[in-house]
Amino acid sequence: MKKFALILAVMLTVTLLASAQSVNDDFASMRGYTVGAGDWVARGGRLVQQDADALMARVDRRVVQSGEYELEFTVRYVGGGYESMADLENMELHGGFGIHLGVEDPKLGRESWGNGESYLLWLNLDTRRETMENYPEHYGFRAQVYESKSATNMALASDPRLARDPVLSRYTEGDTMSIDIVAALKAFGVNVTLAAAEQFLYMDVPVNIKVNTRTGRVGVLDPTAPIRFYFDVDPSVLRGDYVSLRTNSLAANFNYLTVE
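Before going into details, it helps to say that this report is about the structure given with it. Owing to the predicted nature of the structure, the values given are computational and were not obtained by experimental measurement. (Residues numbered from 1 in each chain as written. Predicted model: local features only at pLDDT ≥ 70, side-chain atom pairs only at ≥ 80, totals over all residues. Heavy atoms only, no water.)

Pairing between side chains becomes possible if they bear opposite charge and their charged atoms approach one another. A full pass over the atoms with the stated rule returns eight salt bridges. When the shortest N-O distance is used, the salt bridge between Arg128 and Asp126 registers 2.8 Å. Asp126 gets classed as buried once you look at its relative accessible area, which sits at 3%. The partner of Arg217 in a salt bridge is Asp232, and the shortest N-O contact between them spans 2.8 Å. Note that Arg217 is positioned in strand 13 (residues 217-221) and Asp232 in strand 14 (residues 228-232), a separation of 15 residues in sequence. The exposure class of Arg217 is partly exposed, given its relative accessible area of 39%. Among the ionic contacts, a cluster of salt bridges with common partners joins Arg46, Arg76 and Asp204. (Salt bridge = Lys/Arg side-chain N within 4 Å of Asp/Glu carboxyl O. Buried < 20%, exposed > 50% of the residue type's maximum accessible area, 1.4 Å probe, protein only. Helix = DSSP H or I, 4+ residues; strand = E, 2+ residues; numbered from the N terminus.)

The phi angle at Asp105 is positive, at roughly 60°, despite the residue not being glycine. The residue Asp105 is located in the loop between strand 7 (94-104) and strand 8 (117-126) in this model. Since its relative accessible area comes to 57%, Asp105 is described here as exposed. Unlike most non-glycine residues, Ser249 shows phi in positive territory, near 55°. With respect to the helices and strands, Ser249 occurs in the loop between strand 15 (240-248) and strand 16 (250-259).

Attention now goes to the nonpolar core. Within the largest apolar cluster, 37 residues are counted, with the highest numbers of intra-cluster contacts made by Leu71, Phe73, Ile99, Leu101, Ile209, Leu245 and Phe254. Of all the elements in the fold, those that place two or more residues in this core are strand 5 (57-65), strand 6 (68-80), strand 7, strand 8, strand 12 (205-212), helix 7 (235-238), strand 15 and strand 16. Apart from the residues lying within four places of it in its own chain, the contact partners of Phe254 are Phe27, Trp40, Arg46, Leu47, Phe73, Thr74, Val75, Leu245 and Thr247. Residues Leu120, Trp122, Tyr146 and Met154 belong to the second largest nonpolar core, which totals five residues. (Core = buried A, V, L, I, M, F, W, Y, C linked by side-chain atoms within 4.5 Å. Contact = heavy atoms within 4.5 Å.)

Here the focus is the layout of surface pockets. Taken as a whole, the second largest pocket holds about 560 Å³ of empty space. Leu55, His94, Arg128, Asn248 and Ser249 are the residues nearest the centre of the second largest pocket, which is lined by 26 residues in total. With four residues, the single largest contributor to the lining of the second largest pocket is strand 8. Considered class by class, the residues forming the lining of the second largest pocket number 10 nonpolar, eight polar and eight charged. (1 Å grid on protein atoms, 1.4 Å probe; cavity = no way out; pocket = protein on both sides within 12 Å on 5 of 7 lines; lining within 4 Å. Points joined across faces, edges and corners; volume = space filled by probe spheres on them. Nonpolar A, V, L, I, M, F, W, Y, C, P; charged D, E, K, R; others polar.)

Looking now at the pairing of strand 5. Each regular strand carries side chains that alternate between the two faces of the sheet. The element strand 5 is largely enclosed, with a buried count of seven among its nine residues. In the sheet, strand 2 (residues 33-37) pairs with strand 5 via four bridges, with the strands oriented antiparallel. Bridge pairing in strand 5 places Thr34 opposite Asp60. Examined bridge by bridge, strand 5 and strand 15 share seven bridges and lie antiparallel to one another. Bridged to Arg58 within strand 15 is Arg246. (Pairing = 2+ DSSP bridges.)

Here it is, written out as structure tokens:
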């Protein structure tokens, strides 16, 4: 009897650990989500961040992350990305969105620059002149990885291999994990303009990420082609209890979020 009870306890523990990592949110409500900053609501089966002026909009969702898992959500542009009509006419744009993975100790219910110990996977569009002149690592349309160490300490992650890589070094500034997407695609014969990218503003764009918290390998699927791009980070940072969606100077909505 004791042996049976022990086996049952082990099976129950394994089941609970597996189910803690499984998420299937359809945003019928805000249940399970804690707003840190911004104006987040559940409406029409979508999670909407409706404040286009919020610089550090963030919402946190408890998800135990360990082992290997696959995370997916969709995002759609709602508004924002420019400060005035003059900026829009001059294509002086700035906006971004992304997701924190492996969050430990988030500032629940509070606005913050960083988000505990975590990695922020970020897509950023910044065509402002001052950015080009003073912060070239952020200029253009970029895929970026930030490492957060606390609520106040977060910066672009770095990898010395980037500066040494004969190909990737053409699309980064030094060893920062900030890839110039437009330049990289152009090298492969794909010319992407802002006008051509406008079509994606009016559709749900799927974001699919595979994470291995044991090795630190992260793979992001190209939403336009069956190609997954991989990079490596510190696996210890990837193991956490929360994921967090966030936007900057952008209103956006999310149709679903799954973790398996």
